[in-house]
Amino acid sequence: AKSVGGMVHYQGGWSREVGLDALLGYVDAVNVCNNNFHMHRFQPRKRYSNLLNVPGFPIYENTPEAMMRMNTETYYRLLNWGLKLAAGAASGSGAKQTPVGYNRAYVRVDEKASIGDFFSAWAAGRNFVTNGPMLFLETTSGEKPGDTIAFPAKGGKIGVKLTALANQPLTRIELVQNGRVVKTFSPQSAKKAVGFTELTIDRGSWIAARCVVEDNLLNDEIGRASCRERV
């Protein structure tokens with residue numbers, strides 16, 4: 001796929017081969033919003049998605065919140081290795097009971113971009129993924145997802161603005177730095193949140209934003225959450 005200009009996604013950061021393939025340069029994106037998340041429910045993957053019998057890896061419960069943690073934490077682990085991997089999304093339609101485009105990516109490109117430009121921008125991380133809310137992240141100096149910010153050796157500070165919009169009640173809005181939640185924002189209303197904070201950068205770092213909504217359209221008792229991630 002790489003040799004013919006394709007974009008390579010892994011279904012999740014918990015896939016057993018993803019670390020090695022990413023280190024070898026074969027991986028462009030890891031699907032944070034993947035086919036574990038169906039429309040109005042999630043699909044427990046306890047048997048295959050937990051890296052069972054691997055020392056040091058946690059076992060995630062069969063709940064929506066734990067499934068989101070599994071998808072984000074295993075992705076963050078790869079980013080903490082120093083790998084620049086875009087957030088991916090896929091619905092697995094046909095193989096899964098999920099409509100086409102339910103888990104989707106929005107990519108920042110020019111209006112006249114070709115499909116090649118689209119894939120290049122996505123692989124560079126100029127995107128966000130979602131199966132619900134719209135999530136916007138930028139710095140006060142104008143950088144957006146996928147951009148790299150140069151700091152002097154002693155580091156510095158950076159202002160960050162986060163906006164979340166949803167058609168279902170927002171329950172959690174968070175800013176993540178190097179895999180750790182460094183700021184939690186409260187929504188100004190049930191369906192909108194705007195937050196600002198200043199971060200200290202004292203070493204090589206990555207920043208991500210994420211938010212969670214309550215899905216009032218759920219038709220079963222499995223869970224009440226959907227996931228999205230922006231890096």
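As shown above, the structure is provided for reference.
The model shown is predicted, which means the values in this text are computed figures rather than measured ones.

What counts as what
- Residues numbered from 1 in each chain as written.
- Predicted model: local features only at pLDDT ≥ 70, side-chain atom pairs only at ≥ 80, totals over all residues.
- Heavy atoms only, no water.
- Helix = DSSP H or I, 4+ residues; strand = E, 2+ residues; numbered from the N terminus.
- Buried < 20%, exposed > 50% of the residue type's maximum accessible area, 1.4 Å probe, protein only.
- Areas by Shrake-Rupley, 256 points an atom, 1.4 Å probe, with all protein chains shown as cover.
- Contact = heavy atoms within 4.5 Å.
- 1 Å grid on protein atoms, 1.4 Å probe; cavity = no way out; pocket = protein on both sides within 12 Å on 5 of 7 lines; lining within 4 Å.
- Points joined across faces, edges and corners; volume = space filled by probe spheres on them.
- Nonpolar A, V, L, I, M, F, W, Y, C, P; charged D, E, K, R; others polar.
- Phe/Tyr/Trp six-rings, centres within 6.5 Å; stacked < 30°, edge-to-face > 60°.
- Expected span 1.5 Å × (residues − 1).
- Patch = residues over 30% accessible without salt bridge, like charges linked within 9 Å, V, L, I, M, F, W, Y side chains within 5 Å.
- Salt bridge = Lys/Arg side-chain N within 4 Å of Asp/Glu carboxyl O.
- Core = buried A, V, L, I, M, F, W, Y, C linked by side-chain atoms within 4.5 Å.
- Pairing = 2+ DSSP bridges.
- Axes fitted to C-alpha atoms, helices over the stretch in contact; angles between N-to-C directions.
- Polar contact = N/O pair within 3.5 Å; in protein donor to acceptor, adjacent residues only side chain to side chain.

**Focus: the overall build of the protein**
Assigned secondary structure in the protein consists of 4 helices and 14 strands. In the protein, buried positions account for 47% of the 231 residues. Summed over all atoms, the accessible surface of the protein reaches about 12,000 Å², with 51% contributed by carbon and sulfur.

**Topic: the environment of G12**
Note that G12 resides in the loop between β1 (9–10) and α1 (18–23). The exposure class assigned to G12 is buried, which follows from its relative accessible area of 0%. Residues G12 and N35, 23 residues apart in the sequence, show an inter-C-alpha distance of 9.5 Å. Excluding residues within four positions of it along the chain, G12 makes contact with V18, V30, N31 and N34.

**Considerations on the layout of surface pockets**
By volume, the largest pocket amounts to about 840 Å³. Contributing to the lining of the largest pocket are 38 residues, with D147, T148, S205, W206 and I207 lying nearest its centre. When contributions to the lining of the largest pocket are tallied by element, the ones reaching two or more residues are α3 (64–80), β5 (86–89), β8 (134–139) and β9 (156–165). Each residue belonging to the lining of the largest pocket can be placed in one class, and the counts come to 19 nonpolar, 11 polar and 8 charged.

**Re the packing of aromatic side chains**
Scanning all chains against the criterion turns up 6 aromatic pairs. Taking 5.3 Å as the distance between ring centres and 15° as the angle between the ring planes, the aromatic pair formed by Y106 and F128 counts as stacked. With Y106 in strand β6 (residues 104–107) and F128 in strand β7 (residues 127–130), this residue pair connects regions lying 22 residues apart in the sequence. Y106 sits in the partly exposed class, given a relative accessible area of 32%. The rings of Y75, Y76 and W206 are connected pair by pair, giving a single aromatic cluster.

**Some remarks on α3**
Taking 1.5 Å per residue as the helical rise, α3 with its 17 residues ought to reach 24 Å, and the 24 Å between its terminal C-alpha atoms agrees with that figure. Those residues of α3 that fall on the buried side of the exposure criterion are P64, A66, M67, M68, M70, N71, T72, T74, Y75, Y76, L78 and L79. Trailing α3 by a residue or two, G82 shows a phi angle of about 95°, which is positive.

**Observations concerning a nonpolar patch on the surface**
Taken together, the side chains of L20, L24 and Y26 define a hydrophobic patch exposed on the protein surface, amounting to about 330 Å² of accessible area. Mapped onto the elements, L20 comes out in helix α1. By relative accessible area, L20 is classed as exposed at 56%.

**So, the nonpolar core**
Ranked by internal contacts, the top residues of the largest apolar core, which has 19 residues, are V30, Y75 and L85. Put simply, the parts of the chain that give this core at least two residues each are α1, β2 (29–33), α3 and β5. Of the residues forming this core, the biggest block, 4 residues, is contributed by α3. Core analysis: the second largest hydrophobic core is formed by 18 residues, L137, A164, I173 and L175 among them.

**A closer look at the sheet that holds β1**
The strand order across the open sheet formed by 3 strands is β1-β2-β5, and the pairing between neighbours is parallel. Among the strands making up the open sheet, the edge pair consists of β1 and β5. Contacting β1 and β5, helix α4 (residues 115–123) crosses the sheet at an angle of about 120° to β5.

**Points about the side chain of T74**
The topology assignment puts T74 in helix α3. In terms of polar contacts, T74 uses its side chain to reach the backbone amide nitrogen of W14, at 3.5 Å. In contact with T74, not counting residues within four places along its chain, are G13, W14 and R69.

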